[in-house]
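Residue strings, one per chain:
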Amino acid sequence: MSDRGPGQGNSTLARILVVDDEPPLRLVLRRFLELSGYDVAEVGTGEEALERIRRDPPDLVFLDLQLPDRSGHSILEAIRAEPATRLLPVVMLTGLATSEQKVRAFELGVTDFLAKPFAPDELLPRVRSLVLLKQFADELEHAEAMIATLARTIDARDPYTAGHSARVAKYAEVVARRMGVEETPLLDLRRGALFHDLGKIAVPDAVLRKPGPLTDEERRVIQKHPVIGEELLAPMKTMAKSLPIVRHHHERLDGSGYPDGRSGPDLPLAVRIVTVADIFDALTTKRVYRDALSRETAYGIFDAEVRRGWWDGEVLRELQAALAESPAETPDRS
Ligand SMILES: [Fe+2]
Ligand SMILES: [Fe+2]
């Protein structure tokens, strides 16, 4: 944002796109916002708006409800469908909008409404807070993208575990959907699965990549990774509900796992799902000390360990059923 305008603290101007088919309105809005220190572009049709937003997403969009070529609703829908712009603040310009039209806009994820003709005094504080909202959303996305890159980097330290976290997340998601886990907890589960081994960042290469058997001390070092992962992710608000997955993904239902020796009733379904997904991927991929096991061999090992009371048999059955039904769901091994 601008050091000349209201968005202080950043060296680039906050950019606003005005989409309206009435040139006088665009001009007034543009002049007013430019005087307030924003970088403003304007277009008169929906297609031009979408093309511009895709090519170069702005920080805020003013969108007319009725455009000559498309409705504002359909433009809004297209903006929300695109991952790159799903959080972009969109203010709908309404002249004589009916309440049905407003409700529809709400359903499609409109950020705010501005009645035409607009009152300049009201406009500026709203623009300021919406631009700020966009910045927060950007920062959040950057932070998540950075952590995801970090998780991939950790997998890649050991050539045998490259892609492990992404595959575990995919297996876990498929099973969770089958078991009726809803969208929001599913997102927490997915994040937990993606970052479950983040704590391995603190495990030295010599231990992580050691081909032979580990000493007791080396095993202790490795076994710290769930707690370290939890500590690293704890400051992130978005990870709050995923932390139990990170901390407990090496627990067993009979209490013989680590770090806390928790047993069945204290291990939430999300943890049990990720644990099974984690082990399944470890068994069916090549390791430094053995080749990848076939699925059938892996299921055999799992069955024995379910009988010993280590893993959730229902989760295992769902994973087997999912893989049998749609092999296409199987994550890419590349
Ligand atoms: Fe782990
Ligand atoms: Fe793992």
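Provided above is the structure to which this section pertains.
Residues numbered from 1 in each chain as written. Chains lettered and ligands numbered in written order. Predicted model: local features only at pLDDT ≥ 70, side-chain atom pairs only at ≥ 80, totals over all residues. Heavy atoms only, no water.

Caption draft 1: Region of interest: the layout of surface pockets. Space inside the largest pocket adds up to approximately 1200 Å³. Forming the walls of the largest pocket are 40 residues, and the residues nearest its centre are Lys200, His250, Ala282, Arg287 and Tyr289. Elements that contribute at least two residues to the lining of the largest pocket include exactly helix H5 (120-157), helix H8 (205-208), helix H9 (216-222), helix H12 (269-283) and helix H13 (295-307). Here the lining of the largest pocket gets five residues from one element, more than from any other, and that element is H12. Here the lining of the largest pocket is built from residues that sort into 17 nonpolar, 10 polar and 13 charged. Size it by volume and the second largest pocket reaches roughly 270 Å³. Only H5, helix H6 (164-178) and helix H7 (183-194) provide two or more residues apiece to the lining of the second largest pocket. (1 Å grid on protein atoms, 1.4 Å probe; cavity = no way out; pocket = protein on both sides within 12 Å on 5 of 7 lines; lining within 4 Å. Points joined across faces, edges and corners; volume = space filled by probe spheres on them. Helix = DSSP H or I, 4+ residues; strand = E, 2+ residues; numbered from the N terminus. Nonpolar A, V, L, I, M, F, W, Y, C, P; charged D, E, K, R; others polar.)

Caption draft 2: Just the coordination of the iron ion (ligand 1), in detail. Protein-derived coordination of the iron ion (ligand 1) comes from Asp197 (OD), His225 (NE2), His249 (NE2) and His250 (NE2), at a distance range of 2.1 to 2.2 Å. Geometry at the iron ion (ligand 1) is irregular, judged from the four donor atoms that bind it and their angles of 86 to 176° at the metal. Sequence positions of the donors to the iron ion (ligand 1) reduce to the motif D-x27-H-x23-H-H. (Donors = N, O, S within 2.8 Å, 3.2 Å for Na, K, Ca; no water. Tetrahedral: all angles 85-135°; square planar, octahedral: opposite > 155°, others 65-115°.)

Caption draft 3: Just unusual backbone geometry, in detail. Going from tyrosine 258 to proline 259, the amide bond is cis rather than trans, its omega being 5°. Along the chain, proline 259 falls in the loop between helix H11 (243-248) and H12.

Caption draft 4: Expanded view of the packing of H6 against H12. At their nearest, the axes of H6 and H12 sit 8 Å apart, and the two run at 130° to each other. One element, H6, and the other, H12, form an angle in the oblique class. In the crossing of H6 with H12, the sense of the turn from one axis to the other is right-handed. Contacts from His164, Arg167, Val168, Tyr171, Ala172, Val175 and Ala176 in H6 reach Ile273, Val274, Ala277, Asp278, Phe280 and Asp281 in H12. (Axes fitted to C-alpha atoms, helices over the stretch in contact; angles between N-to-C directions. Parallel < 35°, antiparallel > 145°, perpendicular 65-115°, else oblique. Left-handed = near helix turned anticlockwise from the far one by under 90°. Contact = heavy atoms within 4.5 Å.)

Caption draft 5: The arrangement of the sheet that holds strand E4 (residues 90-94) in detail. With respect to topology, five strands assemble into an open sheet ordered E2-E1-E3-E4-E5, the strand pairing being parallel. Since the sheet does not close on itself, it has two edges, and those belong to strand E2 (39-43) and strand E5 (112-115), each with one partner. On average, each strand axis in the sheet is inclined to that of its neighbour by 20°, with strand direction left out of account. Relative to E5, E4 runs parallel, the two sharing four bridges. In the sheet register, valine 91 faces E5, and the bridge partner there is aspartate 112. Against the sheet, helix H3 (residues 72-81) makes contact with strand E3 (60-64) and E4, and its axis sits at roughly 180° relative to E4, the strand it touches most. (Pairing = 2+ DSSP bridges.)

Caption draft 6: Quick peek at the nonpolar core. With 28 residues, the main nonpolar core has Phe280 and Phe302 as its most contacted residues. Only H6, H7, H12, H13 and helix H14 (313-325) provide two or more residues apiece to this core. Among the elements that line this core, the one with the most residues is H12, at eight residues. Excluding its chain neighbours within four sequence positions, the residues that come into contact with phenylalanine 302 are Val276, Ile279, Phe280, Leu283, Trp311 and Leu316. Leu17, Ile75, Val90 and Ala105 belong to the second-largest nonpolar core, a separate cluster that totals 22 residues. (Core = buried A, V, L, I, M, F, W, Y, C linked by side-chain atoms within 4.5 Å. Buried < 20%, exposed > 50% of the residue type's maximum accessible area, 1.4 Å probe, protein only.)

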